[in-house]
Amino acid sequence: MSVISWSFLAFFAVLSGVYYLPPVRRRAQAQNILLLLGSFVFYGIADLKALPLLAASVIVFYFLGLAVERAIKKEEWRRAALLRAAGVCLGTGTLLGFKYLGAFLPANGSGTLRILLPLGLSFYTFRLIGYLIDVYREKIPAEKDPIRFALFVSFFPTLVSGPIDRAGKFLPQLREGRLFDYGLAMDGFFQVLWGLFEKMCIADNLAPFTGMVWAQPEQSGSLTLAFTALLYPIQIYADFDGYSHITIGLSKFLGIKVARNFDHPFFSRNIAEYWRKWHMSLTSWLTDYVFTPLSVSFRNLGKVGICLAVVITFTLIGMWHGADWTFALFGLYHGLLYIPLVFSGSFQKRRKLKAGKWGLPAIGDMAGMMLTYLLVALGLVLFRAPGVSEAVSYACRMLAVGAWKPYDLVVALLNARIPLFFPLPILVLFLLEWARRDKEHPLQHCENAGSGKSMVLDSCITVSMLMAIILLQGHTGSFIYFNF
Amino acid sequence: MTRKDIYPRLGAIMCEVFDLDSVDINDTTTADDIPEWDSLSHIQLVVAVEKAFGIKFSSREIMRWQNVGELADSVIAKIG
């Protein structure tokens, strides 16, 4: 059941309608049970065979958390460390088993085992491992209520593709009953609208064109390949950021705030800034549980130690995407791009973005943004290619500037039947994101929620966004990050 | 020795590591209160504190700190 479907809309309407009905007494518990049941129904419909694994993971980590806390209270440090290590090995072992086993097995008629990767496994496993490590580090207490713990792991809006929530921020929200908050619900509604616009009007319009070029790149001209490589970051961003806005918006409607996933990454002036703004819930998870322990261990090596920790962390980020060398090299490529920043000291510097002339970014900032975008686009050639040799061949051909022929590109665009208006929603995306870059999403305006002035503005935004979605939408496809 | 005895020295180290003119720290100060305090500068802070006090923290100690007060406690426990 995709979040962009009439069946999901009906599911969510029924669930959220019942959600705010429970009486004041035991409201939190009733709402948590309802959300948990809803999450298991949602997951069961999407991937019934994977439901037992999700349920087993919840049960095992619930008891592991309690056991780690008990060992710490008794000052049995070795036992606590062993239990944490067992949990981390179990989680990563399951994840690696499902992700990588298929790559080493011969394909049969129906494909390899990789196709059987349980839906959302990566995302809920990261939640479980993070929880256990935080209990071990005594940053949070172990959750005693099994309903709350199970809901933290399987909360349906974020179960399939994140954002990856942290127990320390998510679980306390489940302890109190949620009352309907008009301002938060409207903000969530607008965030969903913005997510739908990104996914349906940008990602879905670009997907047929980039898909066609990538299916047979040898049949496309150099300029077409370069153009496709430049469009792909926008497509993948609109797809994943769109999905993230939809899930965060739905959660707000249920009175729950989940982690932010993107912070306008294309306004980044270097690759370190880009990764602080791209898939933030994953990068902050990896910072806390991989990069920081590594850099603590390597701390006496100075900047070399930091580079080592960065390169290892990024290679792991790449490998998380799948069992292909292209993904490992994609991660390594980004890790290596950090090295000059670490040695120059600009890795750390955080300068606030300021508008220059005509409200646009200053020239220096703009140059940094464009260079970062080009580096990201080049890296995504590795990410998108089916193999390393294909990626190298694609990159060599697209960089042969002498062979660029505009005629080839026009023919390719016509062949792919890409709508002629496709730059329009992209322009809207960049302009609105820039103008509203201090907000969580461009349509956020909850300051006057509930007032007459707000009602008029709310109606105008709703009507114009729905019109844009209806008029500019492409053929709805699945979300790219469902594969990971 | 108390936390307050440590703070002037810790504050001076933080100013140097975070490249600040002055820093106001207390028991509950966390990385969220100082924008320059991120995952990378945290490691540089640990190295600078170890060097300044001639001590060595374990990985578990470093990971457990929730605020400046707990960092000060670890320093006090090491230097006695």
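Quick caveat, the model's predicted, so the values are computed rather than measured.

**What about the overall build of chain A?**
Looking only at helices and strands, chain A features 19 helices and 0 strands. Relative to the 2.2 N^0.38 estimate, which gives 23 Å for 484 residues, the radius of gyration of chain A is 23 Å and therefore close to what a compact globule would have. By its C-alpha atoms, chain A is 70 × 60 × 55 Å across when sized along the principal axes. Classification of the 484 residues of chain A by burial places 55% in the buried group. By sequence separation, contacts in chain A at least 24 residues apart represent 76% of the contacts at least 6 residues apart. When the accessible surface of chain A is split by element, carbon and sulfur atoms take 69% of a total near 21800 Å².

**A word on the interface of chain B and chain A**
Listed by partner, the interface residues are 19 residues for chain B and 18 residues for chain A. When chain B packs against chain A, close to 1800 Å² is buried across both sides, 53% of that on carbon and sulfur atoms. For the chain B face of the interface with chain A, the top three residues by lost area are B:Leu40, B:Arg60 and B:Met63, together amounting to 37%. Across the chain B-chain A interface, the total number found is 3 salt bridges. A salt bridge links A:Glu138 to B:Arg64; the nearest nitrogen and oxygen atoms lie 3.1 Å apart. Put simply, the parts of the chain that give the side of chain B that touches chain A at least two residues each are helix H2 (39–53) and helix H3 (59–64) of chain B. By residue class, the composition of the side of chain B that touches chain A is 9 nonpolar, 5 polar and 5 charged.

**Here we look at the pattern of salt bridges**
Residue and element names in this part refer to chain A. Per the counting criterion, the structure on display carries 22 salt bridges over all chains. A salt bridge links Lys144 to Glu69; the nearest nitrogen and oxygen atoms lie 3.0 Å apart. Here Lys144, found in the loop between helix H5 (121–136) and helix H6 (146–154), pairs with Glu69, found in helix H3 (residues 51–73); they are 75 residues apart in sequence, far enough to count as distant. Judged by relative accessible area, Lys144 falls into the partly exposed class, the value being 46%. In this structure Glu69 comes out as buried when scored by relative accessible area, which is 13%.

**Notes on helix H1 (residues 6–19) of chain A**
Residues and elements named next belong to chain A. Here H1 is 14 residues long and its end C-alpha atoms lie 20 Å apart, about the 20 Å a rise of 1.5 Å per residue gives. Considered for burial, the residues of H1 that qualify are Phe8, Phe11, Phe12, Leu15, Ser16 and Tyr19. In an axial view of H1, the angular spread of the buried residues amounts to 115°, which keeps them on one side of the axis. Away from its buried face, by an angle of more than 90 degrees, H1 presents the exposed residues Trp6 and Val14. On its buried face, H1 is in contact with helix H2 (27–47), helix H7 (156–159) and helix H10 (222–253).

**Side note on the nonpolar core**
It is characteristic of soluble globular proteins that their nonpolar side chains tend to be buried jointly. Core analysis: the biggest nonpolar cluster contains 144 residues, and A:Leu35, A:Tyr131, A:Phe149, A:Phe156, A:Phe209 and A:Trp275 have the highest contact counts within it. For this core, the domains that each give at least three residues are domain 1 (6–179) and domain 2 (184–269 + 351–483) of chain A. Excluding residues that lie within four positions of it along the chain, A:Phe156 makes contacts with A:Phe8, A:Phe11, A:Phe12, A:Leu15, A:Leu35, A:Gly38, A:Ser39, A:Phe42 and A:Leu254. Residues B:Ile13, B:Ile43, B:Leu45 and B:Leu71 belong to the second largest nonpolar core, which totals 26 residues.

**Remarks on the domain arrangement of chain A**
All names here are of chain A. Split into domains, chain A comes out as domain 1 (6–179) and domain 2 (184–269 + 351–483). Relative to domain 2, the C-alpha centre of domain 1 lies at a distance of 30 Å. Taken together, the contact between domain 1 and domain 2 spans 23 residues of the former and 17 residues of the latter. Summed over both sides, the interface of domain 1 with domain 2 buries roughly 1700 Å², with 67% coming from carbon and sulfur. The interface formed by domain 1 and domain 2 contains 0 salt bridges.

**Structural notes on the packing of H3(A) against H6(A)**
Residue and element names in this part refer to chain A. At their nearest, the axes of H3 and H6 sit 10 Å apart, and the two run at 130° to each other. With respect to their mutual orientation, H3 and H6 come out oblique. Like other packed secondary-structure pairs, H3 and H6 cross with a definite hand, here right-handed. Packed against H3, whose contacting residues are Leu54, Val58, Phe61 and Tyr62, the element H6 presents Pro146, Phe149, Ala150, Val153 and Ser154 at the interface.

About the criteria used
Residues numbered from 1 in each chain as written. Chains lettered and ligands numbered in written order. Predicted model: local features only at pLDDT ≥ 70, side-chain atom pairs only at ≥ 80, totals over all residues. Heavy atoms only, no water. Helix = DSSP H or I, 4+ residues; strand = E, 2+ residues; numbered from the N terminus. Rg over C-alpha atoms; globule rule 2.2 N^0.38 Å. Buried < 20%, exposed > 50% of the residue type's maximum accessible area, 1.4 Å probe, protein only. Contact = heavy atoms within 4.5 Å. Areas by Shrake-Rupley, 256 points an atom, 1.4 Å probe, with all protein chains shown as cover. Buried area = accessible area lost by both parts, 1.4 Å probe. Salt bridge = Lys/Arg side-chain N within 4 Å of Asp/Glu carboxyl O. Nonpolar A, V, L, I, M, F, W, Y, C, P; charged D, E, K, R; others polar. Expected span 1.5 Å × (residues − 1). Arc of directions from axis to C-beta. Core = buried A, V, L, I, M, F, W, Y, C linked by side-chain atoms within 4.5 Å. Domains from an automatic or database assignment. Axes fitted to C-alpha atoms, helices over the stretch in contact; angles between N-to-C directions. Parallel < 35°, antiparallel > 145°, perpendicular 65-115°, else oblique. Left-handed = near helix turned anticlockwise from the far one by under 90°.

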